Structure formats: C-alpha cells, structure tokens
Amino acid sequence: MNPMKSGGGWAAVCYTLRMAQRVGWWRLWQAMRSKNACKTCALGMGGQAGGMRNEQGHWPEVCKKSLQAMVADMQHGLRQEFFERYAIAHLQTLSPRELEWCGRLTEPLFAGPGDMHFRPIAWEEALRRVSDQLRGTQPDESFFYCSGRSSNEAGFLLQLFARLYGTNYVNNCSFYCHQASGVGLSAALGTGTATVTLDDIETADLFFLIGGNPASNHPRLMRSLMNIRRNGGHVVVINPVKEIGLVNFSVPSDVWSLLFGSKIASLYVQPHIGGDVALLTGIAKLLVESDAIAADFIAKCTDGFDAFAGQVRATTWQEIERNSGVERATITRMADMYAAARNVVFGWTMGITHHEHGVANVRAIVNLALLRGMVGRRHAGLLPIRGHSNVQGIGSVGVVPNLKQHILDNLETTLNVTLPRTPGLDTMACMEAADQERVKSAICLGGNLFGSNPDAGFAHRALGKLELVTYLSTTLNTGHAWGRGRQTLILPVLARDEETQPTTQESMFNFVRLSDGGQTRIHGPRGEVELIAAIAGQTLGSASPIDWEALKRHCNVRDMIARVIPGLEGLRDLDRTGKEFHIPNRILHEPRFPTASGKASFAAQSMPELPLDDDQLRLMTVRSEGQFNTVVYEEQDIYRGQDRRDVILLNPADIKRLGLQPDQRVTVRSCAGVMPSIMVRPYDIRAGNALMYYPEANVLVPRAIDPLSKTPAFKSVRVTIETAAIAAQAR
Ligand SMILES: Nc1nc2c(c(=O)[nH]1)N[C@H]1C(S)=C(S)[C@@H](COP(=O)(O)OP(=O)(O)OC[C@H]3O[C@@H](n4cnc5c(=O)[nH]c(N)nc54)[C@H](O)[C@@H]3O)O[C@H]1N2
Ligand SMILES: Nc1nc2c(c(=O)[nH]1)N[C@H]1C(S)=C(S)[C@@H](COP(=O)(O)OP(=O)(O)OC[C@H]3O[C@@H](n4cnc5c(=O)[nH]c(N)nc54)[C@H](O)[C@@H]3O)O[C@H]1N2
Ligand SMILES: [Mo]
C-alpha cells in the first residue's frame with residue numbers, strides 16, 4: 001500500500017516484523033506482553049490488564065513507537081572500550097539516532113573540565129561527586145528536572161529530596177509541552193487534566209482534533225476516531241498541515257481497517273499557524289449570533305459569558321478571516337456541524353500549546369465547549385492529548401516548582417518537616433539562571449534538556465556554565481554530548497519493565513496503572529528510586545528526618561504518596577489488590593466544577609497579532625513518525641513521505657513565489673540561529689507557513705515564552721530562506 005495514501009497499516013506491521021527480527025521474536029513477545037504501562041505516549045496501555053491492552057480492555061493495541069522504545073531498551077550494554085575509543089568530540093558528531101543505537105548505558109560515567117573522553121567510575125565515586133556538589137553549594141544553586149517517562153515513585157522522591165534539601169527549583173518537561181493546557185483548564189474549570197474517559201470519546205458524535213497529529217504520535221487514539229466515524233459521527237481536524245494519517249488511517253489491529261483503510265477527517269481545515277484563536281472565535285461568533293447556545297447551562301453553571309459574547313460579537317469577519325487564514329464559508333460549516341452534534345469532545349496537542357498565546361488557545365477551546373454545554377457531562381468534554389507516558393503522573397506527585405498549598409501542608413505535617421517557601425522556577429527560568437550563573441548544578445531524571453530546549457546555542461552555553469550536570473539516563477543522547485557542564489555525570493538507570501519492584505504511572509485519562517517491572521536484562525543500571533534515595537541519603541546525612549533506606553522500597557514511597565497527595569489514596573493498597581483506579585474528581589461527568597464558585601468560566605480572548613514580512617515564513621517544528629522526542633529511531637518520515645530530516649516543507653505556491661525549486665539546498669535563518677544546507681520540499685501546508693523537524697530545528701527557535709504557561713513558541717518561528725544566489729548578492 002502506498003504510505004502516502006494512508007497512515008498506519010502495513011508499514012507498521014512490516015516494521016514490527018523487522019524489529020522482532022532484531023532482538024528475537026520470543027524475547028520481544030514476552031517484553032511486549034509483560035504487565036507494564038506502555039513507555040511511549042500517555043494513552044495508558046498495558047499495566048495489570050497485560051501489555052498491549054487499552055483502558056477499555058481492547059487487545060492487541062500496539063504501535064511502532066512502543067516497539068521501538070522496547071527494542072532500544074533491549075539493546076546490548078555499552079562496553080568500557082566504547083568510551084576509551086570515542087572521544088566526546090566524536091559523540092558530538094553522532095546523530096540522535098546513532099547515539100540511541102550505541103547501546104544501553106551500564107556504568108556511571110564522568111567527564112571533568114578538559115577531559116576529552118567520558119570515563120567509567122565506580123558507583124561510590126559517582127554518588128560522592130553529586131552529594132559533595134550539593135553539600136558544597138546553597139540549595140537555590142541547583143535545579144531538578146524530570147522528564148515524563150519516570151515513575152510516580154521516582155518523581156515523588158526526586159521532588160521530596162529537592163525540597164528537603166531546600167529548593168523549589170523543581171520542574172518537569174511539561175513546561176515545554178502541555179503546561180498551557182494545565183494553566184488554561186485550571187483557570188476555567190478548576191482542574192487541569194482531561195474531563196473525559198476513553199469511553200466518552202467513542203460515544204461522542206463529533207470530535208474536534210486541534211493541533212495534533214495522533215496518527216503518528218498517539219496511534220492508538222486512531223482506533224477511537226475510527227470508531228466515531230463508524231458510528232456515524234464526525235471528526236473535524238484543525239491543522240495547517242494536511243497530515244495524511246488524519247485523512248485516512250489503517251488501524252493495524254482492525255482487519256477491515258488494515259485492508260481498506262479508515263476515513264478519519266470528515267472536514268479538514270487548514271488555518272495559519274497561530275490562527276486557532278481567530279478560527280474558534282469565528283465559530284463562537286456564529287453560535288452566539290444565531291443563539292445556538294446552551295443558555296440554561298450557561299446561566300446556571302458558568303460565569304463570564306456576557307463579556308465573552310460581547311467580544312465575540314464585536315470581532316469582525318475581516319479580522320477573523322485574515323488572522324485565521326480560513327474563509328467564512330468553511331467556518332460556517334464547522335459551526336453548523338458543531339450546532340448539529342449532541343456529544344462533542346475537543347482534543348488538542350502541541351499545535352495549541354507551543355505558542356506565546358498557548359493559554360489563550362486553550363481558553364478559546366474551553367469557551368467553545370462551554371457555549372454548548374459540552375463540559376460536565378458524559379460523552380462530551382475536553383482532552384489535552386498528553387505526551388510522555390507518565391508526564392501527568394509526574395505533575396500529580398509534585399514535580400512542580402510551586403506545590404499546591406494543601407499538598408505542602410500535608411507533606412509538612414505527615415513528615416514533621418519544614419519545606420522551603422521560596423518561589424520555584426520553571427524549566428526555562430532554570431536554564432536562564434544557569435546562563436546567568438545563578439545556579440551551579442542540575443540533576444536531570446531522564447529526558448534531554450539540551451535537545452528539547454529552544455535556542456540550541458543558548459542551551460549548550462547555559463548548561464556549559466554549570467559546575468556539575470548529573471543525568472540519570474537509559475541510553476546516550478545529544479544532551480550527553482552537547483549539554484555538558486564543567487563536570488558531567490551520567491548515571492545509568494533501569495527502564496520501568498526492568499525494575500525489580502513495581503512502579504505506577506498515570507494516563508491522560510487520569511487512570512493510575514501498576515507496572516510489574518521485570519527481569520534484569522542488563523547488568524549495571526540501577527533503579528531510579530534506589531538511586532535517588534541513595535543520593536538523598538548521602539547528601540542530607542543522618543540529620544535527615546526521612547529514612548531514605550526505607551524509601552528504596554517502592555511500596556513505602558507509594559504509601560507516603562497516598563498519605564500526602566489527595567486523589568492518590570488508592571496507591572496504598574495497590575500492591576495487595578492490584579486495583580488500578582481513576583483519580584477521583586477529575587473526570588467531569590456532572591456540571592459542577594471544582595472552582596471556588598462551583599462554576600466554569602468563559603474568558604474573552606483577543607486574537608494574537610502575528611505579523612510577517614513579505615520574505616518571511618512562519619515555521620513550526622514538529623515530530624516525524626520515526627522519532628520519540630529527541631530520540632530519533634529512523635531518519636525517514638513515512639507519513640509525510642520524507643526520506644530525510646534536513647528538509648523544510650513549504651507550500652508549492654511559496655516555493656514559486658520565493659523563486660525556489662524542490663530539492664534545492666537553502667539556508668534557513670531566524671533571529672536565534674541559522675541552518676545551512678536544508679532541502680526544500682513541497683507539501684500541503686497553508687501558504688505562508690513552513691515545517692521542519694524537532695529537535696534539529698531548535699537551533700532556530702528563539703526563547704520567547706508564553707507569559708502564563710512559560711512554554712516556548714516551538715510552533716511559531718519567523719524565518720527567512722536564503723539561497724546561494726541571495727547570499728552572493730549580499731556579499
Ligand atoms: N511517535 C511519537 N509519538 C509521540 C512523541 C514523539 O516524539 N513521537 N512525543 C510525545 C510527546 S512528549 C508529545 S507532547 C506528543 C506530541 O504530539 P503532537 O502535538 O501531535 O506532535 P507535534 O509533532 O509537535 O505536532 C503537532 C501538530 O500540530 C500541528 N500544528 C502546528 N502548529 C499549529 C497551529 O498553530 N495550529 C494548529 N491547529 N495546528 C498546528 C502540526 O501540523 C502537527 O500536525 O506526542 C507524544 N507521542
Ligand atoms: N523545537 C521543538 N522542541 C520541543 C518540542 C517541539 O515540538 N519542538 N517538543 C517539546 C516537548 S512536547 C517535550 S515533552 C520535550 C521533551 O523533552 P524531554 O522529555 O526532556 O526529552 P526526551 O527526548 O523525551 O528524553 C529522552 C531521553 O530520556 C532517557 N530515558 C528514556 N527512558 C528513560 C527512563 O525510563 N528513565 C530515565 N531516567 N531516562 C529515560 C533517554 O536517555 C532518552 O535519551 O521537548 C520539547 N521540545
Ligand atoms: Mo511533550
């Protein structure tokens with residue numbers, strides 16, 4: 001089947017066969033079947049129901065990314081000779097893909113100032129180096145970053161350690177991801193996560209999919225979208241790019257769909273990058289002006305409607321069409337579909353959050369949902385489609401700069417300790433503090449802070465000023481090569497399905513999963529919890545009010561979480577009962593909202609001004625099908641038909657207007673950086689906009705952030721394109 005006609009399908013099946021060949025069929029089958037939450041996106045597969053099973057119990061649910069992640073973890077261990085042979089300068093020449101496939105990290109590694117190579121050191125020395133650094137500096141001279149793949153137990157322990165050590169400089173990758181969703185939803189509804197369950201989605205008759213590409217990034221959500229269409233419902237896609245898998249997708253676990261493909265989008269609308277507020281305001285305007293609104297619900301359950309409606313009425317069609325790039329006729333079609341639907345779910349991803357107006361985008365979605373009473377009942381609601389498999393859990397257990405007051409109080413009374421009250425710092429603020437030499441060390445639990453950061457040149461410089469950067473990682477990544485401090489430590493850790501004790505994770509539907517762990521595949525790495533407890537014990541010493549040895553046992557950590565984090569009480573008996581659970585009071589099936597007034601709020605949003613000069617384009621930086629964030633598994637992007645990553649995708653009209661040719665090499669420039677030798681490729685993207693691949697394109701992304709969520713505008717970079725001819729003219 002031509003991959004350009006349909007996403008998923010045979011390509012995914014063939015890939016699975018190839019991967020199985022690589023590590024052995026039986027080993028891979030066993031690994032995929034084990035009772036562990038899936039490691040990739042936050043849809044929440046696996047756990048006690050057994051691998052490859054979703055929250056509705058459907059089997060087999062498998063996607064390429066979960067296989068890739070599994071196969072990468074099943075690699076051989078890196079040998080000592082590797083680091084003797086290859087200098088850091090050599091590691092810097094390797095691509096993210098090459099680094100990932102070097103093998104698993106097995107020994108602690110260290111590089112000091114002037115060292116040309118990482119060298120293996122003993123665990124004892126490694127632990128001593130971290131604790132000496134922390135003991136020799138003030139608490140607010142260190143920050144703690146956590147990615148979203150670690151367990152609840154590890155995340156909780158990391159933030160507990162940081163706070164007992166004395167700092168609130170604790171954050172997670174959500175600041176570069178869905179923070180705008182958390183901030184926007186909390187302000188509007190009093191809760192920052194999904195209001196729906198997986199069942200609600202499939203019983204909806206209209207799904208708005210805004211700014212996301214789940215065909216590649218959340219493939220198992222595609223079954224739900226397919227089911228909505230099969231039941232006679234509709235899917236409206238809002239995306240500047242025509243993502244082929246959102247037009248037609250072959251769900252590999254469904255025979256009919258695999259053979260013939262499934263239509264996904266009923267209507268595909270391509271606004272300008274950043275044009276969503278305008279587009280959604282247009283839909284709201286039509287509904288308000290034709291009175292197609294849930295007047296009763298609005299009167300009883302919401303506030304702020306009048307100001308919102310006033311602003312929407314006052315906004316002109318000219319402004320809406322110019323700002324969104326979408327014609328009134330199309331917006332009218334969308335409004336008609338919305339008005340005709342009974343149960344509507346709104347799902348969104350990074351196309352919404354990666355903007356300086358990310359929170360405004362989220363509030364615009366909530367406004368639209370409230371207009372027709374689509375929040376606070378079954379079969380309808382709001383779904384921020386989360387990224388990392390446990391990013392939501394990491395936030396729930398407190399890996400955030402500013403803990404909620406009641407959690408802070410609980411921690412203090414339960415543990416009989418006093419915790420710092422100084423304001424915490426978000427991720428970008430920590431990076432800026434590093435650059436200004438206000439902090440001296442960083443501890444990173446997973447992730448790749450260098451690779452995920454905007455302005456790669458800045459990230460390299462800022463991390464380079466730190467006295468010590470400590471990474472707890474499973475495999476090598478560009479951060480180890482380019483995100484080094486004056487001294488750098490890499491501590492190898494186990495993946496969740498290798499842990500000797502169970503761990504827990506939380507899905508985007510607020511469902512807490514228990515992962516059994518598994519057998520040691522590889523000798524050397526340590527469990528994350530064990531390691532954090534060891535560092536904490538050694539740093540805080542015998543004066544610490546906490547028995548860190550006891551906390552090396554995961555069940556003791558779960559018990560502590562259950563005592564201090566409201567909603568996670570179910571963790572206490574989880575080991576005994578195996579009973580996974582929904583966190584209470586998050587799914588909103590009743591029109592009562594956990595705000596002070598019990599009501600949900602509308603908030604008028606002004607349309608962001610996004611000016612472009614004639615020779616400029618607006619660039620989004622996105623994922624390909626063959627990567628998971630900064631980890632690139634394959635160079636090609638089969639869905640977008642690209643065989644390489646050093647490309648810029650442009651509308652054919654822009655290629656012509658700018659006097660370019662397909663496959664021509666150009667230089668792409670922004671205010672943050674320059675990327676030479678990038679290949680021009682035509683693509684179905686709204687004219688005036690461009691697409692490049694993250695993480696490479698982070699060279700071009702400036703550090704501008706949304707003031708409310710502190711999230712960088714990864715999807716909105718003003719760039720110009722230079723050809724050799726232009727460069728010669730300039731000379
Ligand atoms: N295979 C794979 N799966 C993943 C990941 C991965 O890297 N690889 N990463 C995980 C993580 S951490 C996350 S956060 C998610 C990310 O999942 P997505 O958000 O789907 O990922 P992105 O590639 O960032 O793509 C965003 C989509 O938004 C569109 N877009 C860009 N700008 C705009 C805009 O202004 N408006 C609108 N309406 N759309 C826009 C793009 O065209 C693109 O289709 O995926 C998770 N799952
Ligand atoms: N330009 C641009 N930049 C972006 C984005 C974008 O769309 N465009 N997206 C942003 C988003 S949404 C996100 S979430 C961030 C991602 O930012 P991060 O979460 O910081 O980065 P990842 O690439 O997911 O981290 C991968 C590394 O985690 C380690 N790892 C894997 N499994 C485990 C484990 O079980 N335990 C531990 N301790 N380590 C493990 C491996 O060493 C691997 O190399 O990037 C952001 N940056
Ligand atoms: Mo993310």
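The rules behind these values
- Residues numbered from 1 in each chain as written.
- Chains lettered and ligands numbered in written order.
- Predicted model: local features only at pLDDT ≥ 70, side-chain atom pairs only at ≥ 80, totals over all residues.
- Heavy atoms only, no water.
- Near = heavy atom within 4 Å.
- Polar contact = N/O pair within 3.5 Å; in protein donor to acceptor, adjacent residues only side chain to side chain.
- Areas by Shrake-Rupley, 256 points an atom, 1.4 Å probe, with all protein chains shown as cover.
- Nonpolar A, V, L, I, M, F, W, Y, C, P; charged D, E, K, R; others polar.
- Domains from an automatic or database assignment.
- Buried < 20%, exposed > 50% of the residue type's maximum accessible area, 1.4 Å probe, protein only.
- Helix = DSSP H or I, 4+ residues; strand = E, 2+ residues; numbered from the N terminus.
- Arc of directions from axis to C-beta.
- Contact = heavy atoms within 4.5 Å.
- Pairing = 2+ DSSP bridges.
- Axes fitted to C-alpha atoms, helices over the stretch in contact; angles between N-to-C directions.

1. Regarding the site of ligand 2
Argument step 1. Around ligand 2 sit 29 residues in total, of which Y145, S147, E528, T630 and Y694 are the nearest.
Argument step 2. Contacts to ligand 2 include R623, whose side-chain N or O atom sits 3.1 Å from an oxygen atom.
Argument step 3. Measuring from an oxygen atom of ligand 2, one finds a side-chain N or O atom of T630 at 2.5 Å.
Argument step 4. For ligand 2, whose accessible area on its own is 930 Å², the fraction buried by protein is 97%.
Argument step 5. Partitioned by chemical class, the residues of the shell around ligand 2 number ten nonpolar, 15 polar and four charged.
Argument step 6. Counting the residues that make up the shell around ligand 2, at least three belong to each of domain 2 (80–177 + 412–581) and domain 4 (616–730).

2. Digging into helix α17 (residues 305–314)
Argument step 1. Restricting attention to buried positions, one finds in α17 the residues F305, F308, A309 and V312. The buried residues of α17 all sit within an arc of 95° when viewed along its axis, so they share a single face. Of the exposed residues in α17, those oriented more than 90 degrees away from the buried face are D306, A307 and A314.
Argument step 2. Among the structural elements, α15 (276–289), α16 (295–301), β11 (302–303) and α21 (358–371) are those in contact with the buried residues of α17.

3. Description of the site of ligand 1
Argument step 1. Lining the immediate surroundings of ligand 1 are 30 residues, of which N239, E243, D276, Q627 and N629 lie closest.
Argument step 2. The separation between a nitrogen atom of ligand 1 and a polar main-chain atom of S216 is 3.1 Å.
Argument step 3. Measuring from an oxygen atom of ligand 1, one finds a backbone N or O atom of N629 at 2.5 Å.
Argument step 4. Taking 910 Å² as the accessible area of ligand 1 by itself, protein coverage stands at 99%.
Argument step 5. Listing elements by their share of the shell around ligand 1, those giving two or more residues are α11 (214–217), α20 (350–353), β21 (616–622) and β22 (627–628).
Argument step 6. A breakdown of the residues in the shell around ligand 1 according to their chemical character gives ten nonpolar, 15 polar and five charged.
Argument step 7. Residues from two domains meet in the shell around ligand 1; each of domain 3 (183–386) and domain 4 (616–730) gives at least three.

4. Remarks on unusual backbone geometry
Argument step 1. With omega at 5°, the peptide bond leading from Y694 into P695 counts as cis.
Argument step 2. A positive phi angle is found at D291, which is not glycine, with a value near 60°.
Argument step 3. Locating D291 in the fold gives a position in the loop between α15 and α16.
Argument step 4. Not every positive phi belongs to a glycine, and K710 is a case in point at roughly 65°.
Argument step 5. Looking at the element boundaries, K710 is found in the loop between β27 (689–693) and β28 (717–722).
Argument step 6. By relative accessible area, which is 29% here, K710 ends up partly exposed.

5. Looking at the pairing of strand β7 (residues 234–238)
Argument step 1. By the criterion of burial, β7 is predominantly enclosed, with four of the five residues buried.
Argument step 2. In this sheet, β7 lies alongside strand β6 (residues 206–210) in parallel orientation, the contact comprising five bridges. Looking at β7, one finds that L209 is bridged to V237.
Argument step 3. Direction of pairing for β7 relative to strand β10 (residues 267–269): parallel, over a ladder of three bridges. Along β10, the bridge assignment pairs I238 with V269.

6. Some remarks on the sheet that holds strand β24 (residues 647–650)
Argument step 1. With mixed pairing, the six strands of this closed barrel are ordered in space as β21-β27-β24-β26-β25-β28. Strand-to-strand twist of the sheet, defined as the mean angle between neighbouring strand axes without regard to direction, takes the value 45°.
Argument step 2. Here β21 pairs with β27 via five bridges, running parallel. Bridging across to β27, M620 finds its partner in L691.

7. Let's talk about the sheet that holds β10
Argument step 1. In spatial order, the strands read β10-β7-β6-β12-β13; together these five strands make up an open sheet with parallel pairing. The sheet is open, and its two edges are formed by β10 and β13 (381–384), each paired on a single side. With strand direction ignored, the average angle separating the axes of adjacent strands in the sheet is 15°.
Argument step 2. Each of β6 and β7 touches helix α12 (residues 221–230); the most contacted strand, β7, lies at about 130° to it.
Argument step 3. Helix α19 (residues 328–340) contacts β6, β7, β10 and β12 (344–348) of the sheet and is inclined by roughly 135° relative to β10.

Remember, this is a structural readout, not a statement about activity or role.
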